[in-house]
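Architecture at a glance
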Amino acid sequence: MTIPRTTHARIRPLALMGTLPGEPSVMAAVAPVRRITTSQVSDEAPHDMVQRINQGRLSSPLPYGVLSDYDRADDEVQLQAIELDNGLVHTTILPSLGGRVWSLTLTTDAGARELVHVNPQLRWANFGLTDAWFAGGIEWNLGSTGHTTLGNQPMHAAIVDTALGPVVRLWEWERTRDLILQVDLWLSGARLMASTRVMNPDPEPKPLYYWTNIAVPETPGTRVLTPAATAWRTDYTGVLERVAVPFPDGSVDVSVPSASRYPADYFYEVGERQGRLICAVEPDGRGLAQTSTEALHGRKLFLWGHGPGGQRWQDWLGARGSRYLEIQAGVCTTQMESDLLDGNASRSWTEAFLPIELSPAEVAADYDTAAYAVQRAVHAAAPPAWLAEQHDRWLSEVADVAPTELVHTGSGWGRAELALRGAAGPTGTPFPEVDDESMPLLRFAQEGDSVALEHISGHRPTLPVTSDRWLARLTAAAVADSGAGWWAHYALGTARHVRGDTEGAHTAYRQSIELAPTAVALRGLALLTADATERADLYRRALALAPDDRRLAVELLTDLLDSGRADQVVATVAALPDPVRTHGRSQMLLAEALAMAGANAAALTILEDIEVPDLAEGDQTLSQLWERLCPGEPVPAHLDFRMAPKSGGGTS
């Protein structure tokens, strides 16, 4: 029987080493920031899985902006943290960064033990739906395949007094799907509990994608266990295939992640068994387990492997020598799938994250024996029936309790969306008015007058709203008000652009430019223009209005490179402002152009000490460029981010 313990909640500053991601780009991402590279699904995939794979793919991360202007400095970063402590476990939560659980520490007579991977440095890379993502802790991924748009965003947060003790409530309006995410965290004995609810505020069904990602420390002997005989694997070659576990390819035991050479995802087929779980455990028998109520069907292992690319990525994402892997749980079997959430409905579940201790002999046993030893231990510490009771109690007694005071403020977009609908919103997750970029759209939704949009700056404009509801409201405003400003037409152009209405987008962009030439609208036209010379001219006109916009410069350089104009790349880079010119991505594109022009020595000089902060998962440009310039020579370690022998991409 668990001895009741008093949980204390407090707010305190937390100092971390690293950087923050900076302001989002004002250049609307009308295509995915990162492509889905699983292009082939095995014939063994059931029909319903294929259906779920084919539904719910996002064509753009809009209305979120791309966050790629971060660096790799080692500064002291001050963040607000919310802590829960009951004397047995202590957890630290970061409401300003998606509600990430940064640390989860167990304290016993033997001392304190960290259960999750605490990143030694706050490092960013292009792994997320909006680019910037950092490794470590426990993250809550709602939206579409990939790391959530909310992972680098502030969340609304409150400490709610309940019958379960103090509950840290996190919530936000996820804008790519227009879904409300609520995560309630509390402590029960040695367990961190997380009750999650996803609410659809609209009458139409919507795709539902959700995964909890848990980063845990990896040592050479770490073992990952869940009762399963098969898994669906993606290994950065673009194929989703069913494999046996733990020996998918013969002699390599993937339950010991360090034994694998290259990164891979293993989505276990855990069936309909009660109390699904996954665990990472060390040879001494100690580790962390996750289990949940029935609504979280999937379980997954992501491993980096011991190859040079995986090792390089881990050094890049943290501190040299720090190693981690991820155990995960999701709504569907794989991360390529999205379920459907009915209109005006919700889906909820409760997870328990708990320390586990087996005997060394149990950990070292054959896979089935070890996996069922884990299952017995987890079900003894968090029985499925008990977990279901806790969830029902949370849902009936806690989930809808109105927080009395916010301890952290998220965005104002939930308020704007509710105003657009003329709705009040759920009592448990109130959305306040926030003085941020949502304010002009809130006033527009409340008053229906496009005058509110005229205050949007052309220098740093609000990113366009692109949903069907906003498109209808903006279209009506443009028809009713011939004086609708430049931003309204620009937003209409972007919304049509995302939908593939190139003629409508072109017309709206032109109308916007006639009212007020802006870099964002000129760049929108450039993306629609087939003629390379005209396209480059539009990009240069846009860049003249926003000379310090690095994303705009990168798009121009990439377009010049792709259309074979290496000489123009070299000249354009030379004319860029220093911070844009010297950035690692600009220099990488310059090196490619120099190599294309035959200036191999100059390209190699750039590669000697290049750092590209916003390097993307699966991007092997640096290694390919080296191999082209120095055929037959080993790729230097600092350039080797290859995640497979012929690297593609993935879904960590």
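The structure this text deals with has already been given above.
Residues numbered from 1 in each chain as written. Predicted model: local features only at pLDDT ≥ 70, side-chain atom pairs only at ≥ 80, totals over all residues. Heavy atoms only, no water.

A short note on the overall build of the protein chain
Secondary structure summary: the protein chain contains 18 helices and 26 strands in total. For the protein chain, whose C-alpha radius of gyration is 25 Å, the value lies close to the compact-globule estimate of 26 Å for 652 residues. For the protein chain, the spread of C-alpha atoms along the three principal axes comes to 70 × 65 × 50 Å. Considering the protein chain as a whole, with its 652 residues, one finds that 62% of them fall into the buried category. (Helix = DSSP H or I, 4+ residues; strand = E, 2+ residues; numbered from the N terminus. Rg over C-alpha atoms; globule rule 2.2 N^0.38 Å. Buried < 20%, exposed > 50% of the residue type's maximum accessible area, 1.4 Å probe, protein only.)

So, the packing of aromatic side chains
Taken as a whole, this structure holds 15 aromatic pairs when the rule is applied. Where Trp140 meets Phe353, the ring centres are 6.2 Å apart and the plane angle is 65°; that geometry is what we call edge-to-face. Taken together, the residues span a long stretch of sequence, with Trp140 in strand S9 (residues 138-142) and Phe353 in strand S25 (residues 346-357) at a distance of 213 residues. The buried category is assigned to Phe353, whose relative accessible area is 0%. On the numbers, 4.8 Å between centres and 50° between planes, the contact of Tyr210 with Trp349 is tilted. Taken together, the positions of Tyr210 in strand S15 (residues 210-217) and Trp349 in strand S25 put the pair 139 residues apart, joining distant regions of the chain. Like Tyr210, the residue Trp349 is buried in the burial classification. Cluster of aromatic residues (ring-pair linked, three or more members): Phe127, Trp133, Phe302, Trp304, Trp313, Trp316, Tyr324 and Phe641. One residue, Arg100, lies across the ring of Phe134, its end atom 3.8 Å from the ring centre. Over the face of the ring belonging to Tyr64 we find Arg175, whose NZ or CZ atom lies 5.6 Å from the ring centre. (Phe/Tyr/Trp six-rings, centres within 6.5 Å; stacked < 30°, edge-to-face > 60°. Lys NZ or Arg CZ within 6 Å of the ring centre and 35° of its normal.)

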